[in-house]
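Residues per chain, in single letters:
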Amino acid sequence: MGYIGARYDLNKCYRFNEYNEAIAYAKKNMEIEGVREQYQKLLAEKDNYVQDIKGITEPEKENEDKKYTDWGNWIRKKNLCVRITIGFVIMTVINMVLGGVLPFALHTLIMKLSLFLFILIPASAVTKVGQIISERAYYKYMEPIGNRIRIRNNNFAEYARACNQTIDDLFLMSLEPAHREMVMMRREQAKQHEEMMRMEKERLKLEKERIRIEKERQVDARNANEEARRTREAQERLLRIEEDREIRYKCR
């Protein structure tokens, strides 16, 4: 609708990242004993999750749409009042500046129309207040709904992560000891590499920030030196003027 502010999209509040990852891992290792059971658990929990989210969102969609529409209506009213007010202000100023050269009838008409500013300015203020109140009402209404959705999302994600971990344990247990050791070693190496990359990224970020601060310090120092130079030159000019004045005074 082009309204200012973020809207809660009750049709797009699902969180499937962890679930999709666990499902993909289960499908990859379906031949391992116990994985199919985890796969079935994930499917069943997904159905429960979707029904729970629908149970939260479906009853609220109509009220959410009404409150969001009300907020948008106040914004449109405010924007309309502000635009008209600005137009009348410009027209009034032009009339004041060019009143002497405008036809008398046009000048008088604009003066009469300018009286509408006594209505438009308060109307703009009222609609702005209406916009603020309706915005707060919308977010106050949606906050507990958003919290319920967030809690259910987190629970579903945690369940999917737990299933994924169980599938991984089953996968590791299915390997020969030497193979399992090699897989775990590769994972540890990959984890260490990711940590090193993260630390390097953080180091580069800090270095970039240090360079920025140093450049700002150098600019400030140059500005301070320039200011000191100007002050010194001004003092020297004042001193020369004072010396010239004393010389002229002694020559009298």
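A brief look at the structure comes next. (Residues numbered from 1 in each chain as written. Predicted model: local features only at pLDDT ≥ 70, side-chain atom pairs only at ≥ 80, totals over all residues. Heavy atoms only, no water.)

What follows deals with the overall build of the chain. Looking only at helices and strands, the chain features six helices and zero strands. Starting at the N terminus and ending at the C terminus, the chain contains elements arranged as α-α-α-α-α-α. Over its C-alpha trace the chain gives a radius of gyration of 36 Å, far above what one expects of a compact globule, namely 18 Å for 252 residues. Looking at the chain residue by residue over its 252 residues, the buried ones come to 25%. Sequence-distant contacts in the chain: of pairs separated by 6 or more residues, those separated by 24 or more amount to 83%. Carbon together with sulfur atoms contributes 59% to the accessible area of the chain, which is approximately 18,600 Å² in total. Each charge class in the chain can be summarised by its mean position, and for the 47 positive and 40 negative side chains these summaries are 8 Å apart. (Helix = DSSP H or I, 4+ residues; strand = E, 2+ residues; numbered from the N terminus. Rg over C-alpha atoms; globule rule 2.2 N^0.38 Å. Buried < 20%, exposed > 50% of the residue type's maximum accessible area, 1.4 Å probe, protein only. Contact = heavy atoms within 4.5 Å. Areas by Shrake-Rupley, 256 points an atom, 1.4 Å probe, with all protein chains shown as cover. Lys, Arg positive; Asp, Glu negative; His and termini not counted. Charge placed at Lys NZ, Arg CZ, Asp CG, Glu CD.)

Attention shifts here to the packing of helix α3 (residues 61–98) against helix α5 (residues 117–173). Contact geometry for α3 and α5: axes closest at 8 Å, N-to-C directions at 155 degrees. Here α3 lies roughly antiparallel to α5, going by the angle between them. Judged by the sense of rotation from one axis to the other, the crossing of α3 with α5 is left-handed. Looking at the contact of α3 with α5, its residues break down into 19 nonpolar, eight polar and seven charged. (Axes fitted to C-alpha atoms, helices over the stretch in contact; angles between N-to-C directions. Parallel < 35°, antiparallel > 145°, perpendicular 65-115°, else oblique. Left-handed = near helix turned anticlockwise from the far one by under 90°. Nonpolar A, V, L, I, M, F, W, Y, C, P; charged D, E, K, R; others polar.)

A few words now on the packing of aromatic side chains. Within this structure, the stated rule accounts for 16 aromatic pairs. Both rings, one in tyrosine 8 and one in tyrosine 139, keep their centres 6.3 Å apart while their planes meet at 65 degrees; by these two values the pair is edge-to-face. Note that tyrosine 8 is positioned in the segment before α1 (17–28) and tyrosine 139 in helix α5, a separation of 131 residues in sequence. A relative accessible area of 29% means that tyrosine 8 is categorised as partly exposed. Consider the rings of tyrosine 68 and tyrosine 138, whose centres lie 5.3 Å apart with planes at 55 degrees: the pair is tilted. (Phe/Tyr/Trp six-rings, centres within 6.5 Å; stacked < 30°, edge-to-face > 60°.)

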